[in-house]
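One letter stands for each residue in the lines below.
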Amino acid sequence: MRKIIVLSMITLDGVMQAPGGPEEDTSNGFKYGGWTASYGDEIYGKVVKEELQPADYLLGRKTFEIWANYWPDHANFWPGINDGTKYVLSNTLKKSDPMITEWKNSVLIKDVADIKNIKDSVGSDIQVWGSSELIHLLLENDLVDELRLKIHPLLLGEGKKLFGDGTIPAAFTLTESTVTTTGVIIATYKRAGEVKTGTVGF
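Residues numbered from 1 in each chain as written. Predicted model: local features only at pLDDT ≥ 70, side-chain atom pairs only at ≥ 80, totals over all residues. Heavy atoms only, no water.

Some remarks on the nonpolar core
Thought 1: Core analysis: the biggest nonpolar cluster contains 23 residues, and I4, L58, I115, V128 and L138 have the highest contact counts within it.
Thought 2: Every element with two or more residues in this core is listed here: β1 (4-11), β3 (86-89), α4 (112-119), β5 (126-129), α5 (132-140) and β6 (146-152).
Thought 3: For this core, the leading source of residues is α5, giving 4 residues.
Thought 4: Apart from the residues within four sequence positions on either side, I115 is in contact with I4, L58, L89, I109, L134, L137, L138 and L143.
Thought 5: Counting residues in each nonpolar core, the second largest holds 18 residues, with A68, W78, I81 and V88 among its members. (Core = buried A, V, L, I, M, F, W, Y, C linked by side-chain atoms within 4.5 Å. Buried < 20%, exposed > 50% of the residue type's maximum accessible area, 1.4 Å probe, protein only. Helix = DSSP H or I, 4+ residues; strand = E, 2+ residues; numbered from the N terminus. Contact = heavy atoms within 4.5 Å.)

Overview of the UniProt feature "domain: Bacterial bifunctional deaminase-reductase C-terminal" (unreviewed entry) in the protein chain
Thought 1: The feature "domain: Bacterial bifunctional deaminase-reductase C-terminal" (unreviewed entry), as annotated in UniProt, sits at residues 2-185 in this numbering.
Thought 2: Measuring from the first to the last C-alpha atom of residues 2-185 gives 27 Å, for a span that is 22% helix and 22% strand. (UniProt positions renumbered as here; feature names shortened; annotations may be inferred.)

Points about the side chain of D41
Thought 1: Relative to the helices and strands, D41 is located in the loop between β1 and α1 (42-51).
Thought 2: Engagement of the side chain of D41 in a polar contact is seen with the side chain of T181, the distance being 2.6 Å.
Thought 3: Not counting residues within four places of it along the chain, the set of residues in contact with D41 comprises T180, T181 and T182. (Polar contact = N/O pair within 3.5 Å; in protein donor to acceptor, adjacent residues only side chain to side chain.)

Some remarks on the environment of R148
Thought 1: Looking at the element boundaries, R148 is found in strand β6.
Thought 2: Among the residues examined, R148 registers a relative accessible area of 23% and is labelled partly exposed.
Thought 3: Counting along the chain gives 41 residues from R148 to Y189, while the straight-line C-alpha distance between them is 6.4 Å.
Thought 4: If sequence neighbours within four positions are ignored, R148 has contacts with I5, V6, L7, S8, E51, A187 and T188.

Thoughts on the side chain of S131
Thought 1: When you line up the elements, S131 lands in the loop between β5 and α5.
Thought 2: In this structure S131 comes out as buried when scored by relative accessible area, which is 7%.
Thought 3: Residue contacts for S131: discarding those within four places in its chain leaves M16, L59, G60 and T63.

Some thoughts on helix α2 (residues 61-68)
Thought 1: Within the sequence span of α2, burial applies to T63, F64, W67 and A68. For α2, the angular spread of buried residues about the axis comes to 130°, placing them on one side.
Thought 2: Buried positions along α2 lie against β2 (56-60), β3, α3 (98-102), β4 (106-109) and β5. (Arc of directions from axis to C-beta.)

Focus: the sheet that holds β1
By way of backbone hydrogen bonds, the strands of a sheet pair with one another, either parallel or antiparallel.
Thought 1: As summarised here, the arrangement of the 8 strands in space is β4-β3-β2-β5-β1-β6-β8-β7, forming an open sheet in which the pairing is mixed. The strands lining the two open edges of the sheet, one partner per strand, are β4 and β7 (172-179). Direction aside, neighbouring strands of the sheet carry axes that sit 20° apart on average.
Thought 2: Pairing of β1 with β5, which is carried by 4 bridges, proceeds in the parallel orientation. Bridge pairing in β5 links I5 to Q127.
Thought 3: Sheet contacts for α1: β1, β5, β6, β7 and β8 (185-191); angle to β6, the most-contacted strand, approximately 155°.
Thought 4: Sheet strands touched by α4: β1, β2, β3, β4 and β5. Its angle to β4, the strand with the most contacts, is close to 130°. (Pairing = 2+ DSSP bridges. Axes fitted to C-alpha atoms, helices over the stretch in contact; angles between N-to-C directions.)

Put into structure tokens, the structure is as follows:
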């Protein structure tokens, strides 16, 4: 079975929309695109470099369209991005659409059953970048094995968020963490069974 790993840059209030630049995703009038720009340092850069190792990818349509217009010509920065399989969850794209046919190793999938089949197959772990609606779907179906979060010390008050209302209760274990010189908490959480409740005693 393959692990599904969600990698996300988020704010303290859980916003994940358009971390990379002003024009990345302006939907719903979002005006804070590029909010991670002032938080980079050597620690941050090292972690990102480690995350850009060859993998397979599960993407929502919007993220895929952004990637397909950029990464084919910038693979020198992300070795293996063109060779990894890109599984694209969409009900509007078609297998014959140029983005699917022209960016090699792009595979169109339609539903949760397809995702489960991929997860149950043999292969490398599957990374999810961006794709807020897809992440919500994964969390609603308890399909996330690992969260790799970069938690930035700011509030935006609006924008697409990592966690939606339909998230299935789930426990995670912190397996790795560091704090950058700019105050970004970089943490890895692995799925750890059911939520346990009880009385807190001090």
